[in-house]
Amino acid sequence: MKLSKLFPALLLILIFSSFNSLFTDTKSALSKASAEEYYQIKTYIFKTEQQEQTTDLYLKEAYLPGLKKLGIKDIGVFKPISNRTDTLKKIIVIIPFSTLEGFLTLDKKLAKDKRYLLAGAPYLNATHKQPPYLRIESVLLKAFSDHPLLKKPILNSIRNNRVYELRSYESATETIYANKVDMFNGGGEIKLFDKLGFNAVFYGEVISGAKMPNLMYLTTFADKASREAHWNFFSEAPEWKEMSSLPKYQNNVSHMDITFMYPTDYSDY
């Protein structure tokens with residue numbers, strides 16, 4: 001009789017224990033997923049020097065202070081290293097967000113900041129005859145699982161000599177793209193970059209942008225010579241030779257774009 005009464009109690013304990021374990025595992029998985037940051041890459045495109053100067057001042061005196069007032073830090077502001085084929089000037093801003101909501105509500109929050117509105121007035125109140133830019137392009141990314149948070153690079157060289165290399169890898173299909181992302185995470189490509197001191201700032205999957213499917217990442221170097229040396233080490237590394245020769249990782253990049261940049265004097269890194 002006692003055993004018959006004890007059995008239901010033990011059964012309830014086992015069920016509760018299993019449910020609690022499942023809840024804990026689910027909560028842990030959700031917490032891990034939400035720990036991965038989001039990044040917006042905003043590219044301001046200019047036709048005239050006056051447009052570039054107006055936007056430069058706006059970013060320095062209004063936009064970045066406004067973002068930091070909202071708790072957003074480690075904002076990168078860069079200009080492409082020019083070449084003879086460039087016809088338009090650009091400023092590239094990289095903004096990290098801890099949540100997607102932070103990205104979605106940013107403009108509304110800035111619109112309530114009186115200091116931001118005052119400091120940014122020449123830009124914000126520009127007329128259609130004198131716009132402060134030609135166009136703005138925006139790409140939204142989610143951080144890779146093996147590099148979930150933005151890392152400020154450690155560089156001691158003169159800012160204007162530094163080389164920041166922004167790469168974009170496109171793939172032929174979504175399935176092939178997922179394979180390339182896996183090559184960075186599970187395949188060990190990120191680990192190799194870390195081992196060789198590439199000073200990577202972020203790796204991200206493009207979740208909204210003009211070119212998809214694709215991923216983007218930013219590595220940093222003290223100068224051009226350092227950049228060349230690092231990539232030579234990478235191409236000769238046994239880990240890369242083994243990884244890139246695996247049949248499962250063949251033909252997973254259909255197009256690659258590289259943008260070389262240097263930081264502005266008000267960039268956080």
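(A) Highlighting the pairing of strand 2 (residues 76–80). Burial of strand 2 is extensive: four of the five residues sit out of reach of the surface. Across three bridges, strand 2 lies against strand 3 (residues 89–97) in antiparallel orientation. For Phe78, the partnering residue across the bridge sits in strand 3 and is Ile92. Two elements, strand 2 and strand 8 (residues 255–263), share three bridges in a ladder whose sense is antiparallel. The residue bridging Phe78 from the neighbouring strand is Pro263, located in strand 8.

(B) Structural detail: the nonpolar core. Counting 21 residues, the largest nonpolar core has Tyr44, Leu59 and Tyr63 as the members making the most contacts within it. Within the residue set of this core, elements represented by two or more residues are strand 1 (38–46), helix 2 (49–69), strand 3 and helix 4 (106–110). Here the element with the most residues in this core is helix 2; it accounts for six residues. By size, the runner-up hydrophobic cluster in this structure holds 19 residues, among which are Phe78, Ile92, Ile94 and Leu166.

(C) Just the packing of aromatic side chains, in detail. Taken as a whole and assessed by the stated rule, the structure comprises 27 aromatic pairs. Between Phe193 and Tyr217, the ring centres sit 5.6 Å apart and the planes meet at 45°, which makes this aromatic pair tilted. You can see Phe193 sitting in helix 8 (residues 189–195) and its partner Tyr217 sitting in strand 7 (residues 214–221), a full 24 residues away along the chain. With relative accessibility at 1%, the residue Phe193 sits in the buried group. Take Tyr217: its relative accessible area is 0%, and that puts it in the buried class. A network of ring pairs unites the aromatic residues Phe144, Tyr169, Phe184, Phe193, Phe198, Tyr203, Tyr217, Phe221, Trp231, Phe234 and Trp240 as a single cluster. The lysine or arginine in question, Arg167, covers the ring of Trp231, its NZ or CZ lying 3.9 Å from the ring centre.

What counts, and at which threshold
- Residues numbered from 1 in each chain as written.
- Predicted model: local features only at pLDDT ≥ 70, side-chain atom pairs only at ≥ 80, totals over all residues.
- Heavy atoms only, no water.
- Buried < 20%, exposed > 50% of the residue type's maximum accessible area, 1.4 Å probe, protein only.
- Helix = DSSP H or I, 4+ residues; strand = E, 2+ residues; numbered from the N terminus.
- Pairing = 2+ DSSP bridges.
- Core = buried A, V, L, I, M, F, W, Y, C linked by side-chain atoms within 4.5 Å.
- Phe/Tyr/Trp six-rings, centres within 6.5 Å; stacked < 30°, edge-to-face > 60°.
- Lys NZ or Arg CZ within 6 Å of the ring centre and 35° of its normal.

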